[in-house]
Each structure stands twice: as C-alpha cells, then as structure tokens.
Amino acid sequence: GDSGGGGDGDAADADATDADGGGGDSGDGDVDEAEVAAAVAAAATAETAAKKAASLAGAATKAATAAHAAARAAAAAVVEVEEKAKVVAEAAAHEQQWLRSRVMLFFGLCSRRPLLLRELVGVYINARPAVRKAILKRVVGLVRAVGSDNEDLLKFVETTVDAGAETLVLQVLTTLTEHKRPSTALVKAVQNLHQRLPDARFFVPVLGGFSAAHVKRLLRELVVLSPAVVKTVIYRLARPESPHYSPLSASELLVALHAIDVGGGGGGEGGSGGGRVLLRRLIDAIQYCFDDREVFTQEVMAVALMRLIAASVIPPLFMRTVLLSIARFPPLQRFVLTNILTTLIRRKVWDDARLWEGF
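All values derive from a computational prediction rather than experimental measurement.

1. What to know about unusual backbone geometry
Here's step 1: Of note, the phi angle at lysine 348 is positive, near 55 degrees, even though the residue is not glycine.
Here's step 2: Looking at where lysine 348 falls in the secondary structure, it is placed in the loop between α14 (332–346) and α15 (353–358).
Here's step 3: Take lysine 348: its relative accessible area is 48%, and that puts it in the partly exposed class.

2. Description of the side chain of aspartate 199
Here's step 1: Mapped onto the elements, aspartate 199 comes out in the loop between α7 (184–196) and α8 (212–222).
Here's step 2: A polar side-chain atom of aspartate 199 sits 2.7 Å from a polar atom in the side chain of arginine 201.
Here's step 3: In this structure, aspartate 199 is in contact with Glu166 and His194, ignoring residues within four places of it in sequence.

3. A few points about the pattern of salt bridges
Here's step 1: Inspection of every chain in the model, using the stated rule, returns eight salt bridges.
Here's step 2: For aspartate 199, the salt bridge identified is with arginine 201, shortest N-O distance 2.7 Å. Here aspartate 199 matches arginine 201 in class, with each residue buried.
Here's step 3: A salt bridge links glutamate 294 to arginine 239, with the nearest nitrogen and oxygen atoms 2.9 Å apart. Taken together, the residues glutamate 294 in the loop between α11 (275–291) and α12 (298–309) and arginine 239 in the loop between α9 (227–238) and α10 (250–258) connect sequence positions 55 residues apart.
Here's step 4: One salt-bridge network, held together by shared partners, links Arg239, Asp292 and Glu294.

Calculation notes
Sequence order as written defines residue numbering, which begins from 1 separately in each chain. At least 70 in pLDDT is required for a residue's local features to be given in this predicted model, at least 80 for side-chain atom pairs to be given and counted, and no such filter applies to totals for whole chains, interfaces and linings, which use all residues. Only heavy atoms go into the side-chain values, all of them from the structure, while hydrogens and water stay out. Put simply, DSSP marks the helices as runs of H or I at least four residues long and the strands as runs of E at least two long, and each gets a number from the N terminus on. The buried label goes to any residue with under 20% of its type's maximum accessible area, the exposed label to any with over 50%, and the partly exposed label to all in between, with areas taken from a 1.4 Å probe on protein chains only. Definition of a polar contact: a pair of N or O atoms within 3.5 Å, with one able to donate and the other able to accept a hydrogen when the atoms are protein atoms, and with sequence-neighbouring residues admitted only if both atoms are side-chain atoms. Throughout, a residue-residue contact means that at least one pair of heavy atoms, one from each residue, lies within 4.5 Å. Basic side-chain nitrogens of Lys or Arg form a salt bridge, by our definition, when they fall within 4 Å of a carboxyl oxygen of Asp or Glu.

Following this line, the structure appears as structure tokens:
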C-alpha cells in the first residue's frame, strides 16, 4: 500500500514538474507586441527620412545645376554688355570725330564770313547736349580770331534774341572781353540786345564798359540773378584784373548795394519778386562782399560805413552791416562807438524802427 501510494505521489510530482517546466518554456518564447510596433514605426520613420534626404539631395543637385546655368548666363550677359558698350563707344567716338570735322569746317567758313554764325543759332537751339558742347567749345577760337571790332560779330550779338540761344551769346560775349576792355560798340550792341531780350546776364561780361552811375542802376537787376552769377558780378567789380576795369571801388560797390531800393520787385533770372525777395538777394550780395576779406578789409568797411551814415536817407540794412563789420573786425568797435552811433543819435535813429532795433 505504501509503495502504491508513493508511486502515485511521485507521478503527481512528475506531472507537476513537467507542467512547471512546460509553462516556463512557453513564457520565454512569447513576443512583445509593443516592441514590434515600435520597431516597425522606427523603420518607417527611417525610411521616410531617407526618402526626404534623397529628395533634398536631388533638389540640391538641381539647385546647383541651376546656379551653374545662371552663372554661365550671367557671364555671357556680361560679355554681351561689354561688347555692346564697346560698339557704343566706338560709335560715339566716330560720331564725335564726324561732328568735330563738320563743326571745324563750319567755323572755318565763319572765320571768313562771321555773319554765317546767324545760321548756327537754330542748329544750336535744337541740338543735343553733346553737339551744343562742341559748338560752345569751338566758338571760342572763332571769336578770338575774328575780334570784337568785327561788324558782323557785333551784329550777331545784337540780333540773336532767340530763346534758348542765351548761353551761346554769353559765350561769345565772355570771349570778346576776356583779354580786353569792352569796346563802346560792343556795349551798345549788348544794350540793344537787352532791350529785345531782357536778360541781365548779358551785362556781366561788359560791366567794365559802363560808367559808375550806369552800373549802380544795373545792380538792381543783377542782384536777383542766380547766386553764381551774383558772385561773378561782385568779383568783377571788386577785383578788376588787367585788362579788366571796374568803374566802382570796393567801398563804392558796398554803398551802391545798400542804396538799392527794396520797395518793389526785381527782374532778371528767376523772375520778378516782391520786396522781400529783393531784400533777401541783397542781403546775400552784401554777404558775398564780407566773404572776400582780401578786398573788403577793415579799412574798406570803415569808409563804406562813413559814406552810408552820411547819406540823406540811411539804408534799411545799415545797422545789419554795422553789426557784421564789428563781428568780422573787432577793432572797428571803437570806431563805430565814436563815429557811427553818435551820428545815429544826432539823426534821431529812434524815428526809424528798423534802424532803432539794430541800434
């Protein structure tokens, strides 16, 4: 009985052992589904990334190819532009040579018959800037060769009233007066021209041919011209260099500028304007005088101030000039105190609001 019972127990133990062993083997062989899914997802992501990388590489290759093509096209365009520029430059040089030969031929004929210059006016007005420049350059030699006493040349000056030809006439006048004082005949021709074509710039080259009184009358028209022209006027009148002549001394010029009536407008380049415009231009002209310290010295200023204070009517800009003078030349302070201010008191400066304010 014991032996049989033991046998049954051993058999049961063996079955249990087999069952345990079988169960353990079965657990070790199970596959984790989450890990598999993760691995599959990772593989898919890697594949996608690889495809994107391949796509980007392809795009980069295409971009590089396009860049090379663009570079080649740009290089070709540069070569083409350089070739065209060369062609244009050669054409321009050829045109310049052609133009120079025609201009020289025409001016060669004009040197024998200056009256032919009249035919040039219409061409000049309608010409391109390059042609105008060539004409202005060549006309200088012609005028020098012909001279200011030539009647045909004087007739050209007097009768060229065409709008657009002013610069050509000014070039002729400037050349005629560059080495000699303007003749009476030339001054008369300019006056006749101005009556028909009222441009005060024509007077600038021939200022040395007028009397002092005439220049003083012209100053009103001249000060309203462009700043560059006004500076030229001041320079020509204040710094006459041989053979040029100025009918006014530096102090007389300063006094004449102050004496200009600013009650109305002024004509000339830039159009007419009211009294304020004229006053502003007059202030600028006087300032140009102060800027030239070599000519408008302390002594010149003192003489001018004494002449101005002695005038029957003291100019409205007088006190401004007094203040500028002592600011520019401090030694003039004592002179102003003892001569100018005391005279202003005797003349009851307080009766004039502008002078009194400056005082």
